[in-house]
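Results of the structural survey
Spelled out from the first residue to the last, the chains are:
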Amino acid sequence: MKPKFVRRYDFRQPLDDMWEAIPEKGWSFDMAPGQAHFVNPTDAKAEIYLRPCSVYGDRIEFQLVPGSRKAGVFAFGFLAGFEFISMALNLDTGDLQVKTHEFHKAQPRLADKAPTDFTRLAVVREQDRLPGLPYEGSKVTILCDDRPVAVVRHIDYLPESLFMFGLWGRGEINLASFSIQGPARPQPEYVRVGIWQQTIK
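As the structure is a prediction and not an experimental result, all values here were calculated from the model. (Residues numbered from 1 in each chain as written. Predicted model: local features only at pLDDT ≥ 70, side-chain atom pairs only at ≥ 80, totals over all residues. Heavy atoms only, no water.)

**Section: the overall build of the chain**
- Broken down by element type, the chain carries zero helices and 15 strands.
- Against the 2.2 N^0.38 benchmark of 17 Å for 201 residues, the chain shows a C-alpha radius of gyration of 18 Å, consistent with a compact globule.
- Principal-axis analysis of the C-alpha atoms places the extent of the chain at approximately 70 × 50 × 35 Å.
- Buried positions account for 45% of the 201 residues belonging to the chain.
- Long-range pairs, those at least 24 residues apart, make up 63% of the contacts in the chain with a sequence separation of at least 6.
- Positive and negative charge centroids in the chain, built from 25 and 25 side chains respectively, lie 3 Å apart. (Helix = DSSP H or I, 4+ residues; strand = E, 2+ residues; numbered from the N terminus. Rg over C-alpha atoms; globule rule 2.2 N^0.38 Å. Buried < 20%, exposed > 50% of the residue type's maximum accessible area, 1.4 Å probe, protein only. Contact = heavy atoms within 4.5 Å. Lys, Arg positive; Asp, Glu negative; His and termini not counted. Charge placed at Lys NZ, Arg CZ, Asp CG, Glu CD.)

**Regarding the environment of tryptophan 27**
- Relative to the helices and strands, tryptophan 27 resides in the loop between β2 (19-20) and β3 (28-32).
- Placed 113 residues apart in sequence, tryptophan 27 and valine 140 show a C-alpha to C-alpha distance of 29 Å.
- Setting aside its immediate chain neighbours within four residues, tryptophan 27 contacts Ile22, Phe38, Val39, Asn40, Pro41, Lys45, Ala46, Glu47 and Ile48.
- Within the structure, the side chain of tryptophan 27 is placed 2.8 Å from the backbone oxygen of glutamate 24, a separation counted as a polar contact. (Polar contact = N/O pair within 3.5 Å; in protein donor to acceptor, adjacent residues only side chain to side chain.)

**As for the nonpolar core**
- Counting 45 residues, the largest nonpolar core has Trp19, Phe29, Phe62, Phe76, Ile142, Phe165 and Phe178 as the members making the most contacts within it.
- Discounting chain neighbours no more than four positions away, the residues touching phenylalanine 76 are Phe62, Ile85, Ser86, Met87, Leu121, Val123, Ile142, Phe163, Met164 and Phe165. (Core = buried A, V, L, I, M, F, W, Y, C linked by side-chain atoms within 4.5 Å.)

**Some remarks on the packing of aromatic side chains**
- Per the counting criterion, the structure on display carries 20 aromatic pairs.
- Ring geometry for tyrosine 9 versus tryptophan 19: centroids 5.4 Å apart, planes at 85°, classification edge-to-face. Of this pair, tyrosine 9 sits in strand β1 (residues 5-9) while tryptophan 19 sits in strand β2, and the two are 10 residues apart along the sequence.
- Under the relative-accessibility criterion, tyrosine 9 is labelled buried at 9%.
- When the ring centre of phenylalanine 118 is taken as reference, the NZ or CZ atom of lysine 70 above it lies at 5.4 Å.
- Note that arginine 125 overlies the ring of phenylalanine 78, its terminal NZ or CZ placed 5.1 Å from the centroid. (Phe/Tyr/Trp six-rings, centres within 6.5 Å; stacked < 30°, edge-to-face > 60°. Lys NZ or Arg CZ within 6 Å of the ring centre and 35° of its normal.)

**A word on the environment of asparagine 40**
- Checked against the element boundaries, asparagine 40 lands in strand β4 (residues 35-40).
- Distance from asparagine 40 to alanine 80, taken between C-alpha atoms, is 25 Å for residues 40 residues apart in sequence.
- For asparagine 40, the residues in contact, after removing those within four places along its chain, are Trp27, Lys45, Ala46, Leu167, Gly169, Arg170 and Gly171.
- At 2.8 Å, the side chain of asparagine 40 and the backbone oxygen of alanine 44 are in polar contact.
- A polar atom in the side chain of asparagine 40 sits 2.8 Å from the backbone oxygen of glycine 169.

**Let's talk about unusual backbone geometry**
- The omega torsion of the bond from glutamine 107 to proline 108 falls at 0°, within 30 degrees of zero and hence cis.
- By secondary structure assignment, the location of proline 108 is in the loop between β9 (95-100) and β10 (110-113).
- Positive phi, normally seen in glycine, also occurs at aspartate 145, with a value near 50°.
- What makes aspartate 145 partly exposed here is its relative accessible area of 33%.
- The backbone phi angle of histidine 154 is positive, close to 55°, even though this residue is not glycine.
- Checked against the element boundaries, histidine 154 lands in strand β13 (residues 147-155).

Read these as spatial facts, not as claims about activity.
Next up, the structure:
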């Protein structure tokens, strides 16, 4: 089924208001046609946040520039208040961890290995059951070059959230494109408003 919501960025145009990419503490996110060069020369976290909300059924994909340098810990995930699903992939060693806010469950929820020679990295979040609870949760699947490399189920997490990605500590990555696609958003992206003046006697 064709997705009802599609956003794709190849960095040939200025970023729109979906992006909160505000470099600080020495890191940079420099764009050229067909490429965004993301570098963090510090030990701090360099993070970028994206709107509108992500929902069940979304596929979020990073396309890397073929043959480009990548190093450090690349993090990405979902944020909703104090709730989070955080994924961190070491681009040098392939160490992959998935952590959540669920303090009643052993953390990380997953610690495994992933390939490092990929050019496409994607995450899919779907609705999942929560055994013993009367409401639904989330399932996340991480894919490298369309091949699933990790799945975490039964995550007690809100249906709608922001998305983020970043470099945790020193690192570098070159993105050819970023995309998010899935069902229609639950609220319109734009709202028309008006104002009026009333004279009070």
